[in-house]
Protein chains: 2
Amino acid sequence: MDNNSKKTVSIKDVAKRAGVSIASVSRVVNDNPKHVSKKTRALVQQAISELNYSPNRIGRALRAQTSDSLALIISNIQNSFYAAVAWELESKLNETGTAMLLFNSNEDPQLQDRFLEEIKSRRVGGIFMLCAVESEGLRETVKSFPTIFLNRPIPSIPDVSYIGIDDYAAARELATSMLANGQGRLAILHGPRSSETSSRRLKGVLDTCNDRGYQISEDDLFEAELSMESGYQGASELLGERNYKAVFCGNDQIAYGVFRRCRELGLAVPGDIRIYGFDDNPLNEWLAPWLNTVRVPHVAYAENAVQQMKKLTRGGDTRQLILPYDLVIRA
Amino acid sequence: MDNNSKKTVSIKDVAKRAGVSIASVSRVVNDNPKHVSKKTRALVQQAISELNYSPNRIGRALRAQTSDSLALIISNIQNSFYAAVAWELESKLNETGTAMLLFNSNEDPQLQDRFLEEIKSRRVGGIFMLCAVESEGLRETVKSFPTIFLNRPIPSIPDVSYIGIDDYAAARELATSMLANGQGRLAILHGPRSSETSSRRLKGVLDTCNDRGYQISEDDLFEAELSMESGYQGASELLGERNYKAVFCGNDQIAYGVFRRCRELGLAVPGDIRIYGFDDNPLNEWLAPWLNTVRVPHVAYAENAVQQMKKLTRGGDTRQLILPYDLVIRA
DNA sequence: TGTCAAACTGTAAACGTTTACGGAATTGAT
DNA sequence: ATCAATTCCGTAAACGTTTACAGTTTGACA
């Protein structure tokens, strides 16, 4: 049809083609309810479709001082539970025409701060922090920028929007189920104490053991990173000589690592040893029928997160949201 | 220190503070090598750090007619191999200060086209298509926009940058290993014929079987979607009465579904039945020691993709890249 | 000291929008 | 036909940059 499809077409081109001013075109595009006659509207729409015009978001963003996109910073790109949350967020956001910028902080405060700067300079509408790490830039950011913390709060940064579960209670429940399941020595591969989520989970387990009169010695503890490799390493150190009947892991990733080590040691799961994790990555249902864990509601995370973000950007108040979890006992 | 941290600080503020023109500030910021004296440079840098200025990317993007961000459209957000590719891309891109927009087309041409429009209107620098689906908008897009196809080519859209492996050859190798492993009936749960990748894999297996004199009947074939659910469903239909010794799956996701069904049927893997997949999701190493598969080099995908994208945006030529794969025989 | 080139710096335009403002056209009532 | 009240529409400014261009300073050299 049109052979001039060389340059990108702007609002000016449409205006010229329709024989009206750019203001009118803008009004039509933005459906500014009144203030534009039927005739002009028709003319403009004609021109728009003839030229195949679509508004330049950059121009818009500059004018509006905000681009309709949001950022997600993940602390660990390998963790497939986090991935699942990211995916859910993506769906929810793109349903509403909001694009999602993705960053992986790798639990590194420096990197996280760099990304925060990046993000702000892009005039993004808001930030989701999926397991934030404490950092100076973050402390500044939350003051002036819509920010939502997911799954992991930062105690030293209070009064901020947060969505999570009651990790302490969940850990207690899981531990209770674990202890009910027969007697035997217990290993604990908890996550980093610097992570509030991990600490709460650890405390839940320890308190429960205490309550039941179970003695946990220092030797049965291992502070793992939230990764499969670290779980494997921890299992290598703890398992072997000692005869553990169950191992509690700070999250599922750690549990995967433990599982691998058990396989190598010829330990049957759950025959010889039971494994308990945390998060319930959706893949478990298919690949890890041996894993007992706590199902963290990642779909609800995403739903509530975008909803809360909408409120925040409209100037709403910050809010703490504690969602329900489920115990998943598979073996 | 400064109490005026209410408004966002622009280049003008810096200029005023330093007592120079905005042009000079811009030159300093962009390290325009010469053309700015030591003294002004110092003044400006001083002002920048005092005001904590960071350039507004939107303004930049408008001026430059391109924002330093790239988009990734994934066909299926659930597929953890695709996720792994996305993660790798993210790392590589954010290393160079390029942000990544993420979209999930869900194998839906309409949605894909909507995203393509979105993306172009954001003046993104280029697009990675991780398993594209055929669509009108895509055909138009590749003509005027740096686009790289990953893992799945679209035969009707030739002469475009592509990075993948030789699926046919890989399938032949895998099938050879499968057949060498003893005699027995064979099930094939291949991916959608509409996907070129899936078709090639299927052809590779069938040709190999033919060459060895193996008869594959129509009854042993099942066209699955590239999902665990579909693999499960296919396994439900095929396995059971018939006594298969091995099953070839179009990708790992399908294999996971098959595995679950085998478990339900009480079939030992690999004792009773061997499972072959394709892609080698990194989690396999930890969770699926029973899975034989083809390792698609997702890290190399990402590396080559960003490199090729750089070339493209500098006006380089499109290029087809066929990378080496590995056979992974675990059981 | 005067001249000239080179180095530096500022002005202003441009990128594509949205929107306040005021002028023009239409409408409806008389 | 006149006037007031609406409704519509265009002009221009603003958002934050980069950069061509022209103007100014500097420094070397005669």
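Here the structure is a predicted model, which is why all the values come from computation and not from measurement.

Student: Lay out the overall build of chain A in plain terms, naming residues and giving numbers.
Tutor: Assigned secondary structure in chain A consists of 13 helices and 12 strands. Dimensions of chain A, computed from C-alpha atoms along their principal axes, come out at roughly 85 × 40 × 30 Å. Within chain A, the fraction of its 331 residues that count as buried is 55%. Partitioning the contacts of chain A with sequence separation of at least 6, the portion at a separation of at least 24 is 69%. Total accessible area computed for chain A in this model is approximately 14,600 Å², and 48% of it derives from carbon and sulfur atoms. Side chains of chain A carry 40 positive and 40 negative charges; the gap between the two charge centres is 11 Å.

Student: Pulling in residues and values, what's your account of the interface of chain B and chain A?
Tutor: Tallying the contact residues gives 50 residues for chain B and 50 residues for chain A. Of the roughly 4,800 Å² buried where chain B meets chain A, counting both sides, 60% is carbon and sulfur surface. Summed over the three residues of chain B that lose the most area to chain A, namely W87, W286 and L287 of chain B, the buried surface amounts to 18% of that side. Here chain B is connected to chain A by six salt bridges. Among the ionic pairs, D68 of chain B bridges to R122 of chain A, the shortest N-O distance being 3.4 Å. One can count 24 residue pairs in polar contact (both at pLDDT 80 or more) joining chain B with chain A.

Student: Tell me about the protein's contact with DNA strand C, and please be specific about residues and values.
Tutor: I11, S26, N56 and R63 of chain A together with T40 of chain B are the nearest of the 26 residues found near DNA strand C. Near the protein, within 4 Å, the atoms of DNA strand C are sugar or phosphate in 59% of cases. A distance of 2.5 Å separates a phosphate oxygen of DNA strand C from a polar side-chain atom of S26 of chain A. At 3.3 Å from a base oxygen of DNA strand C is found a main-chain nitrogen or oxygen belonging to R63 of chain B. Elements with a contribution of two residues or more to the surface near DNA strand C: α1 (11–18), α2 (22–29) and α4 (57–64) of chain A together with α2 (22–29) and α4 (57–64) of chain B. Among the elements that take part in the surface near DNA strand C, α4 of chain A stands out by supplying four residues, more than any other. Taken together, the residues of the surface near DNA strand C break down into 10 nonpolar, 11 polar and five charged.

Student: Talk me through the packing of aromatic side chains; I want residue IDs and the actual numbers.
Tutor: Counted under the stated rule, the structure contains nine aromatic pairs over all chains. With a centroid separation of 4.9 Å and an interplanar angle of 45 degrees, the aromatic rings of F103 of chain A and F115 of chain A are classed as tilted. Separated by 12 residues along the polypeptide, F103 of chain A in strand β2 (residues 99–104) and F115 of chain A in helix α6 (residues 109–121) bring together distant segments of the chain. By relative accessible area, which is 3% here, F115 of chain A ends up buried. On the basis of an interplanar angle of 85 degrees and a centroid distance of 6.2 Å, the ring pair of W286 of chain A and Y232 of chain B is categorised as edge-to-face. In this pair, W286 of chain A is assigned in helix α12 (residues 284–287) and Y232 of chain B in helix α10 (residues 228–238), connecting two distinct chains.

Student: Lay out the sheet that holds strand β12 (residues 326–328) of chain A with the relevant residues and their values.
Tutor: Residues and elements named next belong to chain A. Strand order in the open sheet formed by six strands is β7-β6-β8-β9-β10-β12, and the pairing between neighbours is mixed. Edge positions in the sheet fall to β7 (221–223) and β12, since each of these pairs with one other strand and no more. Each adjacent strand pair in this sheet contributes to an overall mean axis angle of 15 degrees, direction not counted. Judged from the five bridges that link them, strand β6 (residues 185–190) and strand β8 (residues 244–249) form a sheet pairing that is parallel. Following the sheet pairing, L186 is matched in β8 by A246. Across the sheet, helix α8 (residues 167–180) touches β6, β8, β9 (274–276), β10 (291–295) and β12, and the angle it forms with β12 is around 30 degrees.

Student: Help me get a handle on the state of the cysteines, residues and values and all.
Tutor: Each disulfide is one covalent bond, formed between the sulfur atoms of two cysteines. According to the stated counting rule, one finds zero disulfides over all chains in the structure shown. Cysteine C209 of chain A remains unbridged, with the sulfur of C249 of chain A as its closest cysteine sulfur at 14 Å. Its relative accessible area of 1% is what places C209 of chain A among the buried residues. For the unlinked cysteine C262 of chain B, the closest cysteine sulfur is that of C249 of chain B, found at 8.7 Å. Note on C262 of chain B: relative accessible area 0%, which makes it buried.

Student: I'd like a rundown of the protein's contact with DNA strand D, residues and numbers included.
Tutor: Contacts to DNA strand D come from 27 residues, most closely from T40 of chain A together with I11, S26, N56 and R63 of chain B. In DNA strand D, atoms within 4 Å of the protein come 60% from sugar and phosphate. In the model, a phosphate oxygen of DNA strand D is placed 2.4 Å from a nitrogen or oxygen of the T40 of chain A side chain. Within the contact set of DNA strand D, a phosphate oxygen lies 2.7 Å away from a backbone nitrogen or oxygen of I11 of chain B. Breaking the surface near DNA strand D down by element, the ones donating at least two residues are α2 and α4 of chain A together with α1 (11–18), α2 and α4 of chain B. Grouping the amino acids of the surface near DNA strand D by side-chain chemistry returns 10 nonpolar, 12 polar and five charged.

Student: Mind laying out the side chain of R260 of chain A, listing which residues take part and the relevant values?
Tutor: If you trace the backbone, R260 of chain A turns up in helix α11 (residues 252–265). Given the relative accessible area of 18%, R260 of chain A is considered buried. In this view, R260 of chain A contacts Y232 of chain A together with E285 and W286 of chain B; residues no more than four positions away in its chain are not counted.

Student: So what about the domain arrangement of chain A? Which residues, and what values?
Tutor: Residue and element names in this part refer to chain A. Taken as a whole, chain A is organised into domain 1 (11–55), domain 2 (70–165 + 298–326) and domain 3 (167–295). Each of domain 2 and domain 3 has a C-alpha centre, and these two points are 27 Å apart. On the domain 3 side, the residues contacting the 17 residues of domain 2 number 21 residues. Surface buried jointly by domain 2 and domain 3 totals about 1,400 Å² across both partners, of which 48% is contributed by carbon and sulfur atoms. On the domain 2 side of the contact with domain 3, F81, I165 and Y325 bury the most area, a combined 35% of that side's loss. For the pair domain 2 and domain 3, the interface holds zero salt bridges. The tally of links from domain 2 across to domain 3 stands at eight residue pairs in polar contact (both at pLDDT 80 or more). The element that contributes the greatest number of residues to the side of domain 2 that touches domain 3 is helix α5 (residues 80–95), accounting for four residues.

Rules used in this analysis
Residues numbered from 1 in each chain as written. Chains lettered and ligands numbered in written order. Predicted model: local features only at pLDDT ≥ 70, side-chain atom pairs only at ≥ 80, totals over all residues. Heavy atoms only, no water. Helix = DSSP H or I, 4+ residues; strand = E, 2+ residues; numbered from the N terminus. Buried < 20%, exposed > 50% of the residue type's maximum accessible area, 1.4 Å probe, protein only. Contact = heavy atoms within 4.5 Å. Areas by Shrake-Rupley, 256 points an atom, 1.4 Å probe, with all protein chains shown as cover. Lys, Arg positive; Asp, Glu negative; His and termini not counted. Charge placed at Lys NZ, Arg CZ, Asp CG, Glu CD. Buried area = accessible area lost by both parts, 1.4 Å probe. Salt bridge = Lys/Arg side-chain N within 4 Å of Asp/Glu carboxyl O. Polar contact = N/O pair within 3.5 Å; in protein donor to acceptor, adjacent residues only side chain to side chain. Near = heavy atom within 4 Å. Nonpolar A, V, L, I, M, F, W, Y, C, P; charged D, E, K, R; others polar. Phe/Tyr/Trp six-rings, centres within 6.5 Å; stacked < 30°, edge-to-face > 60°. Pairing = 2+ DSSP bridges. Axes fitted to C-alpha atoms, helices over the stretch in contact; angles between N-to-C directions. Disulfide = S-S within 2.5 Å. Domains from an automatic or database assignment.

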